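Coordinate inspection notes
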Amino acid sequence: MRIEKTCYELSQPVITSKAQISSREGWVVVMGEGELTGRGEILPLEGWSSVTIEEAYFQLVSYKHSEISLLELSAEVQSAINLAIWNLEASKNDESLLDHLGGGSNCVKVNAFLDGSSQRNLRRGLESYRANGLSVFKVKLGFKDDQERLQLLSEIVQEDEKLRLDPNGSWSLQYAVAFLDRARKLLGDRLEYVEDPVADFEDLKKLRSIVPVPIAADELCNSINDLNTIISENLGEYIVVKPSLIGGIDQTLKISSYAAENNIQTVISSTYDGPIALQGWCAVAANIAPEVTHGLGTADLFSDAQMQQMVPKAGKVYFN
């Protein structure tokens, strides 16, 4: 196993209610068998990750020297190793990762990503993405002018387009109730779902009993136990799965399969991943949920040449 430093620069900072993201740094994991290799990557993201870049490195080194088992590693380090192993096994069988997973189309439908930099950029970004064939827009919220942004969205989003609102769990219950009641009236069927409107299940349960809007659980759903809570309490119609944060492909397949059995749709999402992980998650999305619009259209946020092949075209990311 080799560990290589890597860094990918964003073309401009991404602004969310949690952090401003300018670059993605971390480690590429290379697993080998003879002349064959498989690659994975871990790019810790402040505000989301449970480990720092330095901690990830020390965990990888400890695993390399058999000082720690796979299950003792953080979920993100597990994800990098798990992806590398999947890619190695695909290589050993002379297959693409998609074929090794069971097959599917070599493209996935993706939403546009609109950050919280300004209302002006929100309008410009939406119009630019629309011109490039995207019709589902994920909008970061959780700012002082959320109400003004909602009004703007109600005016510029067309009837055949969809919105996914994402305040990253930053709203209080009282604010979420008032905001989403207004959003439901202004947007109607254009509102596909709201992602993590509040920070915990208790508030989400209360919100669901007051405002009937579709909910997607992201950071609220990091395990089968969390998913069981969502199912038993009827807390959402979607789960947003970030393979990089939950342990990689194996855990993603497990959670998405269980969600499907209980009529909950899985949306696979990037954590502003680099080219290795993004291609891996696209393969997973194409295999498990080919008809869903996924949160994997992030390659155009990067200035790195390795990402260019996965920039969305006509609302889809093509890979392999």
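Notes on the structure follow.

What counts, and where the lines are drawn
- Residues numbered from 1 in each chain as written.
- Predicted model: local features only at pLDDT ≥ 70, side-chain atom pairs only at ≥ 80, totals over all residues.
- Heavy atoms only, no water.
- Helix = DSSP H or I, 4+ residues; strand = E, 2+ residues; numbered from the N terminus.
- Rg over C-alpha atoms; globule rule 2.2 N^0.38 Å.
- Contact = heavy atoms within 4.5 Å.
- Areas by Shrake-Rupley, 256 points an atom, 1.4 Å probe, with all protein chains shown as cover.
- Buried < 20%, exposed > 50% of the residue type's maximum accessible area, 1.4 Å probe, protein only.
- Pairing = 2+ DSSP bridges.
- Axes fitted to C-alpha atoms, helices over the stretch in contact; angles between N-to-C directions.
- Polar contact = N/O pair within 3.5 Å; in protein donor to acceptor, adjacent residues only side chain to side chain.
- Phe/Tyr/Trp six-rings, centres within 6.5 Å; stacked < 30°, edge-to-face > 60°.
- Parallel < 35°, antiparallel > 145°, perpendicular 65-115°, else oblique.
- Left-handed = near helix turned anticlockwise from the far one by under 90°.
- Nonpolar A, V, L, I, M, F, W, Y, C, P; charged D, E, K, R; others polar.
- Core = buried A, V, L, I, M, F, W, Y, C linked by side-chain atoms within 4.5 Å.
- Salt bridge = Lys/Arg side-chain N within 4 Å of Asp/Glu carboxyl O.

1. Things to note about the overall build of the protein chain
Helix and strand counts for the protein chain come out as eleven helices and 13 strands. In terms of overall size, the protein chain behaves like a compact globule, its C-alpha atoms giving a radius of gyration of 19 Å where 320 residues would be expected to give roughly 20 Å. When its C-alpha atoms are laid out on the principal axes, the protein chain stretches across 60 × 40 × 35 Å. For the protein chain, long-range pairs separated by at least 24 residues make up 69% of all intrachain contacts whose partners lie at least 6 apart in sequence. Total accessible area on the protein chain stands at roughly 13600 Å², and carbon and sulfur atoms take up 45% of it.

2. Quick word on the environment of Ile 81
Along the chain, Ile 81 falls in helix α2 (residues 75-92). Looking at Ile 81, the relative accessible area reads 0%, which means it is buried. Linking Ile 81 and Glu 41, residues 40 residues apart in sequence, is a C-alpha distance of 7.7 Å. With residues up to four places along the chain from it excluded, the contact list for Ile 81 reads Val 29, Leu 60, Tyr 63, Leu 70 and Leu 73.

3. Some thoughts on the sheet that holds strand β12 (residues 293-294)
The strand order β12-β4-β13 describes an open sheet built from three strands, whose pairing is mixed. Edge positions in the sheet fall to β12 and β13 (316-318), since each of these pairs with one other strand and no more. Pairing analysis gives two bridges linking strand β4 (residues 107-110) to β12, with the strands arranged parallel. Considered in β12, the bridge of Lys 109 is made with Thr 293. In the packing of helix α11 (residues 275-288) onto the sheet, the strands contacted are β4, β12 and β13, and the crossing angle to β4 comes to about 90°.

4. Looking at the environment of Asp 181
Among the structural elements, Asp 181 can be located in helix α6 (residues 173-187). The exposure class of Asp 181 is partly exposed, given its relative accessible area of 25%. For the pair Asp 181 and Pro 212, spaced 31 residues apart in sequence, the C-alpha to C-alpha distance is 8.4 Å. In this structure the side chain of Asp 181 is engaged in a polar contact, spanning 3.0 Å, whose partner is the side chain of Lys 185.

5. Description of the packing of aromatic side chains
Under the definition given, this model contains seven aromatic pairs. Judged by centre distance (4.7 Å) and plane angle (40°), the ring pair of Trp 27 and Tyr 57 falls under tilted. Highlighted residues: Trp 27 in strand β2 (residues 20-33) and Tyr 57 in helix α1 (residues 53-64), separated in sequence by 30 residues. Ring geometry for Tyr 175 against Phe 179: centres 5.9 Å apart, planes inclined by 25°, an arrangement best described as stacked. Of this pair, Tyr 175 and Phe 179 both sit in helix α6, separated by four residues, roughly a single helical turn. Each residue in the set Trp 27, Tyr 57 and Phe 58 is aromatic and connected to the rest through ring pairs, giving one cluster.

6. Some remarks on the pairing of strand β3 (residues 36-42)
With seven bridges joining them, β2 and β3 adopt antiparallel strand pairing. If you follow Trp 27 over to β3, its bridge partner there is Ile 42. In sequence, β2 turns back onto β3 through a hairpin of two residues, with Gly 34 there showing a positive phi of about 65°.

7. Re the pairing of strand β1 (residues 2-15)
The side chains of a regular strand alternate between both faces of the sheet. Strand direction decides the pairing type here: β1 and β2, joined by ten bridges, are antiparallel. Its bridge partner lying in β2, Arg 2 is registered against Val 30. Two successive antiparallel strands, β1 and β2, enclose a turn made up of four residues.

8. Concerning the packing of helix α5 (residues 146-156) against α6
The N-to-C vectors of α5 and α6 enclose an angle of 15°; their axes lie 10 Å apart at closest approach. Judged by the inter-axis angle, α5 sits roughly parallel to α6. Handedness of the crossing formed by α5 with α6: right-handed. Facing Asp 146, Gln 147, Leu 150, Gln 151, Leu 153 and Ser 154 of α5, the residues of α6 in contact are Tyr 175, Phe 179, Arg 182, Ala 183, Leu 186 and Leu 187. Its residues assigned to classes, the contact of α5 with α6 shows seven nonpolar, three polar and two charged.

9. Looking at the nonpolar core
The biggest cluster of nonpolar side chains holds 84 residues, and the ones touching the most others in it are Val 108, Leu 165, Leu 180, Ile 239 and Leu 296. In terms of residues, this core owes the most to one element, α11, which gives nine residues. Residues contacting Ile 239, with those up to four places away along its chain left out, are Ala 217, Cys 221, Leu 227, Ile 230, Ile 255, Ala 259, Ile 264, Gln 265, Thr 266 and Val 267. One finds Trp 27, Leu 73, Ile 81 and Ala 84 within the second-largest nonpolar core, a separate group that totals 13 residues.

10. Section: the pattern of salt bridges
Between side chains of opposite charge, a pair can form as their charged atoms come close. Within the structure shown, the criterion is met by 16 salt bridges. Residue Glu 233 pairs with Lys 205 through a salt bridge whose shortest N-O separation is 3.2 Å. Of this pair, Glu 233 sits in helix α8 (residues 224-233) while Lys 205 sits in helix α7 (residues 201-210), placing them 28 residues apart in sequence. Its relative accessible area of 41% is what places Lys 205 among the partly exposed residues. Counted as one network, the salt bridges with shared partners bring together Lys 138, Lys 140, Asp 166 and Glu 195.

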